[in-house]
Amino acid sequence: MSTLAKARCVFGAHPSAMDTALAVAVLICMVAGSFVDPHGPEGVNWSLRTPDALSLALMTAGAAALAFRRRAPMAVLAVTGGVSVVESVTGDPRAPVVMAAVIALYTVAASTDRPTTWRVGLLTMTVLTGAAMLAGPLPWYAQENLAVFAWTGIGATAGDAVRSRRAFVQAIRDRAEKAERTREEEARRRVAEERLRIARDLHDVVAHHIALVNVQAGVASHVMDKRPDQAKEALAHVREASRSALDELRATVGLLRQSGDPEAPTEPAPGLARLDELVGTFQHAGLRVELARTDQGTELPAAVDLAAYRIIQEALTNVQKHAGRQAKAEVSVVRVGPGIEVTVLDDGIADGEAPDAPAEGGGHGLLGMRERVTAVRGTLTTGTRYGGGFRVHAILPVKSRTDAATEATEATGDPV
């Protein structure tokens, strides 16, 4: 670090010491300048004359006031301006007391706003220049009078420039801090969204497959002694369901791996192309499911395709868990205009068991459905049916916002 940078750090930490040092330096410059004779026979020259007592007192008062320029800039400007007017009227030869007023005006301009700088600067310039021209011992056109006008203008302009630069630098810092906060908030939001997405996937996978395993294990236990062949078939379904659960869990947890971890499975996410397989797993578990589809040939965005699959999976899982062993479910996937409608109905309790239907808007399964539908900008309605049973109805967009924007661009030739 250079000597200048070290001195700036020290004075920046102690502004009062810096102002005192500035006052001493200004006093030395004013006293030294009072020895200059601008009207000598050979032009400006140094003389051995000594300033009179009044001039020394005025210079000392003006310099001493500068030590308080940060605390009360307007008051310091008034004091230094006053002593400058007195020196302009009485000094002959004149001492450069106006130097203190110029620095005080600079401080006011640097610490206030621009309108205040304009008003105070014009007033100071008018008073000091007018006093020097009209009441001073020199002719009104003397160069010392013009110098007062020039230096007061320079002080106000320099102070305003410094204030503008400080405001500009502060604005840049504020924008940088705001951008940093925005990046951190966006990162936290994305982490929260990813956690919710993984939680939904884990819930859907575990709830579906564990429900199948539970039903098939119960069947195997019930018929083990009397019908061993059916028990073996049920255990085979248990093995298949558990294997599928492990595969999907491995794929989901693979998203959490670090870059140096073993490569995660690359099996594509499930969609409506695997709907027949999904329905078949429930049918093998003893649930009566009827499937109707009129969406053949419809290409869905990956997020919409996965959402539709998970909604049907969760709805059928709820039917199997809550509607009774003899319940019947109806699944329909229909293309309607710009959207695709997914509906899952069940007829409720068919064997007299106590109901355990999910409440409207309650449960992690229904919450996960709503989050999935909201994520793809669709709508979801759930509730009990008149006469018994439960209904899940979702309307999902066939095209994502990105796809729609791309098509609009291709059609018009201009970006949307």
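Starting from 1, residues in each chain are numbered consecutively following that chain's sequence as written. Reporting in this predicted model follows two pLDDT cut-offs: at least 70 for local features of residues, and 80 or more for side-chain atom pairs to be given and counted; totals over whole chains, interfaces and linings ignore these cut-offs and use all residues. Water and hydrogen atoms were dropped before computing side-chain values, which therefore reflect all heavy atoms in the structure.

**Remarks on the overall build of the protein chain**
To keep things clear, this is the line we draw: Helix numbering and strand numbering both begin at the N terminus, where a helix is a DSSP run of H or I of at least 4 residues and a strand a DSSP run of E of at least 2. Only protein chains enter the area calculation, which uses a 1.4 Å probe; residues under 20% of their type maximum are buried, those over 50% are exposed, and those in between are partly exposed. We call two residues contacting when some pair of their heavy atoms lies within 4.5 Å.
Each helix and strand counted, the protein chain has twelve helices and seven strands in total. When each of the 416 residues of the protein chain is scored for burial, the buried share is 36%. Sequence separation of 24 or more characterises 66% of the internal contacts of the protein chain that already satisfy a separation of 6 or more.

**Looking at the pairing of strand 5 (residues 339-346)**
Side-chain direction in a regular strand flips from residue to residue, so the side chains alternate between the two faces of the sheet. This is how it is decided: Pairs of strands are assigned from DSSP output, requiring at least two bridges between the strands.
Here strand 5 lies mainly inside the structure; seven of its eight residues are buried. Bridge count between strand 4 (residues 328-336) and strand 5: eight bridges; the pairing is antiparallel. Bridged to Val336 within strand 5 is Gly339. Between strand 4 and strand 5, which follow one another and run antiparallel, lie two residues, and Gly337 among them has a positive phi close to 55°.

**Brief notes about the pairing of strand 6 (residues 379-384)**
Relative to strand 7 (residues 390-397), strand 6 runs antiparallel, the two being bridged by six bridges. Residue pairing across strands places Gly383 opposite Arg391, the latter belonging to strand 7. Counted between consecutive antiparallel strands, the loop separating strand 6 from strand 7 contains five residues, among which Gly387 sits at a positive phi close to 95°.

**Description of the packing of helix 2 (residues 15-33) against helix 5 (residues 98-111)**
Note the cut-off: Under this scheme, a helix contributes an axis fitted over its contacting stretch, all axes are lines through C-alpha atoms, and angles between N-to-C directions fall in the 0 to 180 degree range.
The N-to-C vectors of helix 2 and helix 5 enclose an angle of 145°; their axes lie 9 Å apart at closest approach. Between helix 2 and helix 5, the contacting residues are Leu22, Val26, Cys29 and Met30 on the first element and Met99, Ala100 and Ile103 on the second.

**Brief notes about the pattern of salt bridges**
Opposite charge on two side chains permits pairing when their charged atoms draw close. Our working definition: Put simply, a salt bridge is a Lys or Arg side-chain nitrogen that is within 4 Å of an Asp or Glu carboxyl oxygen.
For the coordinates displayed, the defined rule picks out ten salt bridges. The salt bridge partner of Arg189 is Glu186, with a shortest N-O separation of 2.4 Å. Pair noted here: Arg189 and Glu186 are both in helix 7 (residues 143-223), with a separation of three residues, about one helical turn. The closest approach of N and O atoms between Arg293 and Asp295, which form a salt bridge, is 2.9 Å. When its relative accessible area of 25% is taken as the criterion, Arg293 is described as partly exposed. Bridged by salt links that share partners, the residues Asp19, Arg69 and Arg70 form one connected network.

**So, the side chain of Asp19**
When you line up the elements, Asp19 lands in helix 2. With relative accessibility at 2%, the residue Asp19 sits in the buried group. Those residues in contact with Asp19, other than ones at most four positions away along the chain, are Leu66, Ala67, Arg69 and Arg70.

**What to know about the nonpolar core**
In summary, soluble globular proteins display a tendency toward joint burial of nonpolar side chains. So the rule is basically this: We call a set of buried residues a nonpolar core when its members are Ala, Val, Leu, Ile, Met, Phe, Trp, Tyr or Cys and they connect through side-chain atoms within 4.5 Å of each other.
Formed by 38 residues in total, the largest nonpolar core has its most connected members in Leu272, Val289, Ile312, Leu316, Val392 and Leu396. Here the element with the most residues in this core is helix 10 (residues 302-322); it accounts for nine residues. Setting aside residues no more than four positions away along its own chain, Leu272 makes contact with Arg293, Asp295, Leu300, Asp305, Ala308, Tyr309, Ile312, Val333 and Ile340. In this structure, Leu66, Ala95, Ile103 and Ala104 belong to the second largest nonpolar core, which totals 20 residues.

**Let's talk about the sheet that holds strand 6**
Here we have five strands laid out as an open sheet, ordered 3-4-5-7-6, and mixed in their pairing. Each of the sheet's edge strands pairs with one partner strand only, and the pair in question is strand 3 (288-294) and strand 6. Going across the sheet, the axis of each strand differs from the next one's by a mean of 10°, ignoring polarity. Strand direction decides the pairing type here: strand 3 and strand 4, joined by seven bridges, are parallel. Bridge pairing in strand 4 links Val289 to Ala329.

**A closer look at helix 10**
To keep it simple, the criterion reads: Expected helix span is given by 1.5 Å per residue-to-residue step, counting one fewer step than there are residues.
Over its 21 residues, helix 10 extends 30 Å from the first C-alpha to the last, a length consistent with the 30 Å expected when each residue adds 1.5 Å. With respect to burial, helix 10 is a largely interior element, 17 of its 21 residues being buried.

**Overview of the environment of Ile210**
Note that Ile210 resides in helix 7. Since its relative accessible area comes to 48%, Ile210 is described here as partly exposed. Between the alpha carbons of Ile210 and Val238 there is a distance of 9.1 Å; along the sequence they are 28 residues apart.

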